Amino acid sequence: MQSTPITPELKAFLISIGSVSVDPSLIPRARGSTAGPGAGTSSVFFRAGEKRVRLTVNKNSPLSIKAAGEDGTVALLHEGKELVRGKLEPAPAHCPDQAFITLSERCIFDCKYCPVPKLQGHVKTDEEVLSIVDEVLKAGILKAISLTSGVETSIEDEVERVLKLLPALKKYNVPIGVSVYPTEGCSRKFHDAGVDEVKYNVETMDRDIFQKVCGDLSLDYILDRLKEAVEIFGKNRVFSNFIVGLGESDASVREGVETLAKMGVIPILRPVNPHPLRSGDCFTERPSPERLLKLAKMEAEILNKYGLDPSLAMTMCLKCTGCDLVPVVDF
């Protein structure tokens, strides 16, 4: 069968489902997700040509992956109908080509869509972090190091933890990205210590929804830290996850994207990942393919208006592109 490329329409469809059934023997060795709303799940990265998509493993998904060739080629099917052929990428540390590491799998904050506060997972030692980086290096696919973290005790402690690790990470001579809850002045410290990019997440730009789902945090504080980061790192080096599917309107998404882009921040429109541990805690609805496409095209227009280009990212989510429909990269 003639292979079909991953078009924007197809990727939007796959992301809207977000999961796939797959024979475990086909999955390259990988670690499960330990970060944010995807924590506690295992996933696969499917690649066809230059495009990739990340799908959570779920035996009940309408999507499935089957072996389709001796060279490791697999077919991605929807209800038994083949959509596209490609390969499953190895992701020894959260995503392909990066050591993307969650330092603390615990969080003192209680964002209502996020399972991390309920899971109260592992806190890695510095030795474990460096071991993971070495593992990716030995696999021959270390192109970036990305650090993220919950908040085990305080935001100040997490920032200091990252700063303490950076000297040991610089020796790998690859770009470094950091995504933590920021403190005032931390961007300057990160930059001076060798960090290339930062991501401070607004979560949602709808203030009413933010108050309901992230009431322990301050949206204005995060926006101030993002503005500070752009002044230090420059345009195209500061990002922010912006969750879609918490009940926000398309108009509020447009307004939020415009606000961030005008500051020089590239928003990452991330479909919400409803988790059973947070069932009933807040409204969550996986966006439809049509909505994902509409919002991504809207974002592309706004990013172009302010001279922002996601394809320039060197680390973290925008370098990976698996979870999102990314302007410039995907269409």
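Residues numbered from 1 in each chain as written. Predicted model: local features only at pLDDT ≥ 70, side-chain atom pairs only at ≥ 80, totals over all residues. Heavy atoms only, no water.

**Description of the pattern of salt bridges**
- By the definition in use, this model includes 21 salt bridges.
- Taking the shortest distance from any N to any O, the salt bridge between Arg237 and Glu197 comes out at 3.0 Å. Remark: Glu197 occurs in strand S10 (residues 197-199) and Arg237 occurs in the loop between helix H7 (219-233) and strand S11 (238-244); sequence separation between them is 40 residues.
- Taking the relative accessible area as the measure of exposure, Glu197 reaches 0% and is therefore buried. (Salt bridge = Lys/Arg side-chain N within 4 Å of Asp/Glu carboxyl O. Helix = DSSP H or I, 4+ residues; strand = E, 2+ residues; numbered from the N terminus. Buried < 20%, exposed > 50% of the residue type's maximum accessible area, 1.4 Å probe, protein only.)

**Description of a negative patch on the surface**
- Taken together, the side chains of Glu152, Glu156, Asp157 and Glu160 make up a negatively charged region of the molecular surface.
- Within the fold, Asp157 resides in helix H4 (residues 155-170).
- On the basis of relative accessible area, Asp157 is assigned to the partly exposed category, the value being 44%. (Patch = residues over 30% accessible without salt bridge, like charges linked within 9 Å, V, L, I, M, F, W, Y side chains within 5 Å. Areas by Shrake-Rupley, 256 points an atom, 1.4 Å probe, with all protein chains shown as cover. Lys, Arg positive; Asp, Glu negative; His and termini not counted. Charge placed at Lys NZ, Arg CZ, Asp CG, Glu CD.)

**Section: the sheet that holds strand S4 (residues 63-67)**
- The strand order S1-S3-S2-S6-S5-S4 describes a closed barrel built from six strands, whose pairing is mixed. Each adjacent strand pair in this sheet contributes to an overall mean axis angle of 45°, direction not counted.
- In terms of strand pairing, strand S1 (residues 19-22) meets strand S3 (residues 51-57) through two bridges, oriented parallel. When the sheet's bridge partners are listed, Val20 is paired in S3 with Val57.
- Running over the sheet, helix H1 (residues 8-17) touches S1, S3, S4, strand S5 (74-78) and strand S6 (81-89) and is turned about 15° from S3. (Pairing = 2+ DSSP bridges. Axes fitted to C-alpha atoms, helices over the stretch in contact; angles between N-to-C directions. Contact = heavy atoms within 4.5 Å.)

**A short note on the pairing of S3**
- Across the seven residues that make up S3, a large majority, five, are buried.
- As judged from the six bridges shared by strand S2 (residues 43-48) and S3, these two strands associate in the antiparallel manner. For Phe45, the partnering residue across the bridge sits in S3 and is Arg54.
- Connecting S2 to the next strand, S3, in antiparallel fashion are two residues, including Gly49 with a positive phi near 65°.

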